Amino acid sequence: MYNQYCYGLGSASSCIRELFEYGLQQAAIVGKENVYDFSLGNPSIPAPAAVNKAAMDIIQNEDSLLVHGYSSAPGFADARDAVAKELAERTGTEIHGSDLYFTCGAAPALISVCSALHIDADTEILGIAPFFPEYRPFIESTGSKFVYVPADTDQFQIDLQTLEKMINKNTQALIINSPNNPSGVVFSKETLMQVADILTKKSQEFGKPIYLISDEPYRELVYDGIEAPWVPSIYHDTIVCYSYSKSLSLPGERIGYIYVPAKLTDAKNIFAAIAGASRVLGHVCPPTLIQRVVARCAYEKPDLEAYDVNRKLLYHGLKEIGYECASPDGAFYLFAKAPKGDAKAFSEKCKQKNLLVVPSDDFGVEGYFRLCYCVSKEMIERSLPIFAEVFADEPE
Ligand code: PLP
């Protein structure tokens, strides 16, 4: 006997993974250069040089027992202080190392926060479509219900009226993700201020805080001078889940953090519940070498030039062909409308030409497809005529 829920998760095939595997198979047959794989969001710019330099220096010059040993559960105090200092300066707010809980990336950060907020089988955590598909198992595995607000397909901001209607006495939290995977859209300050008003009103109505979980692995990946607003300055009951996977191109190193602002309602107890959740999940003490690296590299920023070039090339190329796209202001995703509205059929048609695009159904919205532009510029250039061919081939 084994756990049926876990079996279901582990044996279900992911559309993104299937496309990626298909791409590898096709590359062996038709040649790598003839497969246009836009399926996986794996960073394509290397980590800043300072990251490798810090890692080598730490390995060569710091106490090996310290570097490779356990840290305390939430991470080294000096590393948390270094990260908090930069964050405080950047956001103009008071943040201390003791407000941060280091995690093995955003995924365990989100699971720990959702576990910490789970009350009983009626507990609901709201998402906003389109959303990162892993939210569902992250939330459901903790025993809570995952419910989502349908997409605002005009702007890919947030359908505020529906959000307000969907909040009820069982709503514990709302998860937002901006810059967004899969839409590439950045939520505006106006949108977030209205979300804050709704959550404040509903918290009062139900006599308990409704938390906002801000999932921010793409926080620094923004273009054209746009900035992702600092959510805790807009809504006081915000918990931030952060990751260095995309900002410093370190997804394999598994490092990120949870920020629990001191002003959060029940901050100390929530922090303790997060610590307890991380403990039972076995996610305490994330890799210690990389904790020391991110502490030294707290002021490092990604060089977004290559993503920006790709973003413009793909966006303008697709628009010229006639595709409708969401405004690609952040992350490294472009979200476009399937010309005739059937995303799965469109993705299948593209697949026949070795053009791998992810249909939007798993992101909680129908009729769109996602492209990850963390690929080579040359691949984008060569893929545009194929996008044109599939577009022209769609029946009127
Ligand atoms: N949240 C979003 C929106 C993501 O896109 C991802 C990864 O792609 C994660 C969380 C998980 O990131 P991590 O690698 O830090 O676990």
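Here's what I pulled together on the structure shown here. (Residues numbered from 1 in each chain as written. Predicted model: local features only at pLDDT ≥ 70, side-chain atom pairs only at ≥ 80, totals over all residues. Heavy atoms only, no water.)

Concerning the site of the ligand
Then comes step 1: Around the ligand there are 13 residues in total, and Ala106, Asp215, Tyr218, Ser243 and Arg254 lie nearest to it.
Then comes step 2: Here an oxygen atom of the ligand and a side-chain polar atom of Ser245 are 2.8 Å apart.
Then comes step 3: Contact with the protein chains hides 91% of the accessible area of the ligand, taken as 390 Å² for the molecule alone.
Then comes step 4: Of all elements in the fold, only helix H6 (106-117) and helix H10 (244-247) reach the threshold of two or more residues within the shell around the ligand.
Then comes step 5: When the residues that make up the shell around the ligand are grouped by side-chain class, the tally is five nonpolar, five polar and three charged. (Near = heavy atom within 4 Å. Polar contact = N/O pair within 3.5 Å; in protein donor to acceptor, adjacent residues only side chain to side chain. Areas by Shrake-Rupley, 256 points an atom, 1.4 Å probe, with all protein chains shown as cover. Helix = DSSP H or I, 4+ residues; strand = E, 2+ residues; numbered from the N terminus. Nonpolar A, V, L, I, M, F, W, Y, C, P; charged D, E, K, R; others polar.)

Some details on the packing of aromatic side chains
Then comes step 1: All told, the structure shown has 25 aromatic pairs when counted by the stated rule.
Then comes step 2: Considering the side-chain rings of Phe132 and Phe138, the 6.3 Å spacing of their centres and the 65 degrees angle between planes classify their relative orientation as edge-to-face.
Then comes step 3: Accessibility expressed as a relative area gives 9% for Phe138, which makes it buried.
Then comes step 4: Ring geometry for Tyr323 against Phe346: centres 6.1 Å apart, planes inclined by 70 degrees, an arrangement best described as edge-to-face. Taken together, the positions of Tyr323 in the loop between helix H13 (305-321) and strand S9 (333-337) and Phe346 in helix H14 (residues 343-351) put the pair 23 residues apart, joining distant regions of the chain. The same class applies to Tyr323 as to Phe346, namely buried. (Phe/Tyr/Trp six-rings, centres within 6.5 Å; stacked < 30°, edge-to-face > 60°. Buried < 20%, exposed > 50% of the residue type's maximum accessible area, 1.4 Å probe, protein only.)

Considering the sheet that holds strand S11 (residues 358-359)
Then comes step 1: Read across the sheet, three strands follow the order S9-S12-S11 without closing on themselves; strand pairing throughout is antiparallel. The strands lining the two open edges of the sheet, one partner per strand, are S9 and S11.
Then comes step 2: Alignment of S11 against strand S12 (residues 368-372), held across two bridges, turns out to be antiparallel. Paired with Pro359 across the strands is Phe369, a residue of S12. (Pairing = 2+ DSSP bridges.)

Some points on the side chain of Ser144
Then comes step 1: Tracing the chain through its elements places Ser144 in the loop between helix H7 (135-140) and strand S4 (145-149).
Then comes step 2: A polar side-chain atom of Ser144 sits 2.8 Å from a polar atom in the side chain of His118.
Then comes step 3: When sequence neighbours within four positions are dropped, the list of residues in contact with Ser144 reads His118, Thr123, Ile125 and Ile139. (Contact = heavy atoms within 4.5 Å.)

Some points on unusual backbone geometry
Leaving glycine aside, a negative phi is the common case for residues, and trans is the common case for peptide bonds.
Then comes step 1: Ala129 connects to Pro130 through a cis peptide bond whose omega is -5 degrees.
Then comes step 2: For Pro130, the position within the fold is in the loop between strand S3 (124-128) and H7.
Then comes step 3: Here the amide bond leading from Asn181 into Pro182 is cis, since omega sits at 25 degrees, within 30 degrees of zero.
Then comes step 4: Note that Pro182 resides in the loop between strand S5 (171-177) and helix H9 (189-206).
Then comes step 5: One non-glycine residue, Phe156, lies in the positive phi region at around 55 degrees.
Then comes step 6: Examined against the element boundaries, Phe156 turns out to sit in the loop between S4 and helix H8 (160-166).

These figures capture arrangement, not role.
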